[in-house]
Amino acid sequence: MNISFENPDKVNGLLTITVEESDFQDSVEKTLKDYRKKANIPGFRPGQAPMGLIKRQFGASVRYDAVNKFVGEQLYKYIKDNNIQMLGEPLPSDKQETPADIEKPAPYTFVFDIAVAPEFNITLDGRNKIDYYTIKADEKLINEQVDMYAGRAGSYEKVEEYDGEKNDMLKGDLRELDAEGNTKEGGITVEAAVLMPSYIKVDEQKDLFKGAKLGDIITFNPRKAYPEGEAEISALLKIDREVAKELESDFSYQITEISRYKKAEINQDLFDQVFGKDEVKSEEEFRNTIAESLKPQLETNSNFKFLLDVREYCEKKVGELTWPDALLKRVMLLNNQDKGEEFVEKNYAESIKQLEWHLIKEQLVKAAEVKVEDADIREAAKEMARMQFAQYGMTSIPEEYIDNYANELLKKREAVDNFVERAIDVKLAAALKNTVTLNEKEITLDEFNEMMK
C-alpha cells in the first residue's frame, strides 16, 4: 500500500491511495472460509462445498467489501496520524482517470478530494477586553413578576354589568333568528354558550355588548363578528366548520352570567402558593425573593450575549479565511440531496459562518480545557426543565419533579446533543469570563431585549 497527500493551497487536498493484493488478501480468504462453513448449497453437506464454488458465488462481493474496508480504514488512519483537519467526508476525485476494476488483480488506485480547514490560531487572555452585560432585576421587572403571579393565582367573580376593558366572560343562550328577527324554527340553539366579546374581531359587533347587563338580550351576527373565523364560529355554535362557512344568520344572546377575572391579593396566601408555606412572610420579602429567583435566568441571558460578543470579537481577530468552496458545496449537496443545488447556493454563506465559529470554538474549548461530564449534561437538562416550569409561573418545583422531567428530556437523542452543546457553552462562558478582561455594564431587561432585537 502507498498513500500520498497533496495540499498546495492548504485547503484543497488530494489524497491518493494505491492498494496491493497483499493488503486485503488475508481478509478475503478468511471471509470466504467463514462463508464455506456456513454455506448451505444443494448437493453438499454444510461446510463441505468446494472452495472454488464458494469463490465463484461470493468472491467478487467479498473482494469488493474487503478493498473498500481497507481503503476506508487506511484513509482515516492517515488523516488522523497526520493531523489533517478534514471538513466533511472524503469525496471521489474527478482526477482519478479510470475507476478501479476490483474484479481484476490489484494494484488499485483511488483518488479522493479532501476539504481541509483553513489554518488559523485564536487565543484569548487578559489583554482582550470584551463587553459583559449584567442584567439587573429593576422595579419594573419585579412589578411585572408580581403582577404575573397575582394574575395566575386569580379567579373569576360574578358581576352585574359587562366591562369590555376587563376581558369579562359572558355566559348565555344563543338562538338563531330568521329574516324578521324572530327565533328561527329548527334553527341553531346553544344554551350556556361562553363568549368573550373583547375577542370579537370587528368593532361594530364588539360594541353591541358595551354596558350589557345580566338578563339583557343582544342581537349580533357571528359571521360579521368573525369574518374569517370558521374555527371561532364552529366552536361558539357547536357546529361543523363546513356549516359555519355558509352561516349568515343573526343570533340573539341572552346573558345569564357575567364573570370578571380578579387577580389575587398580594398577601400570605399568594406568597405560600408561589414559594411554599411560610417561606416568605412579607411583601418586601416576596419582592426580594422574586429578584433572587430571577438572577439565574438573567445570568443565563448575560452569558448568552457574552458568547455572541466573544464570537464577533474572535471572527474579527481571525479575519478573512480561505475556504475550499467547491468541495464544501459538494459535501453540502451530498448531505442535502433532496433539496438540490439551489438550497446549497442559498444557504452556503450562512453555513460557512457557522463552520467558522465551530472551528474557533473548538480552539477556545481546547485552550480552556473544557470537559463535559454526564453531570453537566444532566444539569443542562434540569435547567431546561426549570425554564419550562417557570413559563407557567412554577418556580418552587421540588427537585424530584425536576429530575423526573429531565430524565424524560434525556431520552431523546437530539435533545441530548443540544444539552451537550449547552453544557459546553456554560463551561466555556465561565472559563472565558475568568480569562479575558470584562468591560462590565449594568442594564435592565428591557434594554437587553432591545439590544438583542
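Predicted model, so just to flag it, every value in this text is computed and none were measured.

**Student:** With reference to specific residues and values, describe the overall build of the protein chain.
**Tutor:** Secondary structure assignment for the protein chain yields 15 helices and 11 strands. Relative to its length of 453 residues, the protein chain is extended, with a C-alpha radius of gyration of 35 Å against a globular reference of 22 Å. Considering only C-alpha atoms, the protein chain reaches an extent of 100 × 70 × 45 Å along its principal axes. Within the protein chain, the fraction of its 453 residues that count as buried is 39%. Carbon and sulfur atoms make up 48% of the accessible area of the protein chain, which amounts to about 27,600 Å² in all. Here the protein chain contributes 64 positive and 90 negative side-chain charges, whose respective centroids are spaced 6 Å apart.

**Student:** I'd like to hear about the packing of helix α12 (residues 374-390) against helix α14 (residues 413-433), residue by residue, with values.
**Tutor:** It is at 8 Å that the axes of α12 and α14 come closest, and there the two elements cross at 100°. In terms of orientation, α12 and α14 fall into the roughly perpendicular class. On the side of α12, the interface is formed by Asp376, Ile377, Ala380, Ala381, Glu383 and Met384, while α14 contributes Phe419, Val420, Arg422, Ala423 and Lys427. Here the contact of α12 with α14 is built from residues that sort into seven nonpolar, no polar and four charged.

**Student:** Mind laying out unusual backbone geometry, listing which residues take part and the relevant values?
**Tutor:** Cis rather than trans, the peptide bond between Ala106 and Pro107 has omega equal to 15°. Mapped onto the elements, Pro107 comes out in the loop between β3 (91-92) and β4 (108-115). Non-glycine residue Asp278 carries a positive phi angle of around 60°. Using a relative accessible area of 40% as the deciding quantity, one classes Asp278 as partly exposed.

**Student:** Lay out the nonpolar core with the relevant residues and their values.
**Tutor:** Residues Val310, Trp323 and Leu364 are the most contacted members of the largest nonpolar core, which totals 35 residues. Of all the elements, helix α11 (residues 340-367) adds the most residues to this core, at nine residues. Ignoring any residue separated from it by four or fewer positions in sequence, one finds Val310 in contact with Leu124, Ile130, Trp357, Leu364 and Leu432. Among the nonpolar cores identified, the runner-up in size contains 28 residues, and Leu32, Leu53, Phe70 and Phe112 belong to it.

**Student:** Describe the sheet that holds strand β2 (residues 12-19), and please don't skip the residues or the numbers.
**Tutor:** With antiparallel pairing, four strands are arranged side by side in an open sheet as β1-β2-β4-β3. Of all the strands in the sheet, just β1 (2-6) and β3 have a single pairing partner and so form its edges. Taken together, the five bridges between β1 and β2 define a ladder with antiparallel strand orientation. What sits directly across from Ser4, in β2, is Thr16. The strands touched by helix α1 (residues 21-38) within the sheet are β2 and β4, with β2 carrying the most contacts at an inclination of about 65°.

**Student:** Can you tell me about the pattern of salt bridges, naming the residues and giving the values?
**Tutor:** In this structure the tally under the stated criterion is 38 salt bridges. The partner of Glu421 in a salt bridge is Lys361, with the nearest N and O atoms 3.2 Å apart. Of this pair, Glu421 sits in helix α14 while Lys361 is found in helix α11, placing the two residues 60 residues apart along the sequence. Accessibility expressed as a relative area gives 40% for Glu421, which makes it partly exposed.

**Student:** Just give me the short version of the packing of helix α9 (residues 283-318) against α11, but keep the residues and values in it.
**Tutor:** Angle between the axes and distance between the axes: these two values describe a pair of packed helices. Where α9 contacts α11, the two axes come as close as 10 Å, and the packing angle between them is 95°. Our classification of the angle between α9 and α11 gives roughly perpendicular. Residue-level inspection shows Leu307, Val310, Arg311, Cys314, Glu315 and Val318 of α9 in contact with α11, the latter providing Lys353, Gln354, Glu356, Trp357, Ile360 and Leu364. Here the residues of the contact of α9 with α11 sort into seven nonpolar, one polar and four charged.

Cut-offs applied
Residues numbered from 1 in each chain as written. Predicted model: local features only at pLDDT ≥ 70, side-chain atom pairs only at ≥ 80, totals over all residues. Heavy atoms only, no water. Helix = DSSP H or I, 4+ residues; strand = E, 2+ residues; numbered from the N terminus. Rg over C-alpha atoms; globule rule 2.2 N^0.38 Å. Buried < 20%, exposed > 50% of the residue type's maximum accessible area, 1.4 Å probe, protein only. Areas by Shrake-Rupley, 256 points an atom, 1.4 Å probe, with all protein chains shown as cover. Lys, Arg positive; Asp, Glu negative; His and termini not counted. Charge placed at Lys NZ, Arg CZ, Asp CG, Glu CD. Axes fitted to C-alpha atoms, helices over the stretch in contact; angles between N-to-C directions. Parallel < 35°, antiparallel > 145°, perpendicular 65-115°, else oblique. Contact = heavy atoms within 4.5 Å. Nonpolar A, V, L, I, M, F, W, Y, C, P; charged D, E, K, R; others polar. Core = buried A, V, L, I, M, F, W, Y, C linked by side-chain atoms within 4.5 Å. Pairing = 2+ DSSP bridges. Salt bridge = Lys/Arg side-chain N within 4 Å of Asp/Glu carboxyl O.

Read these as spatial facts, not as claims about activity.
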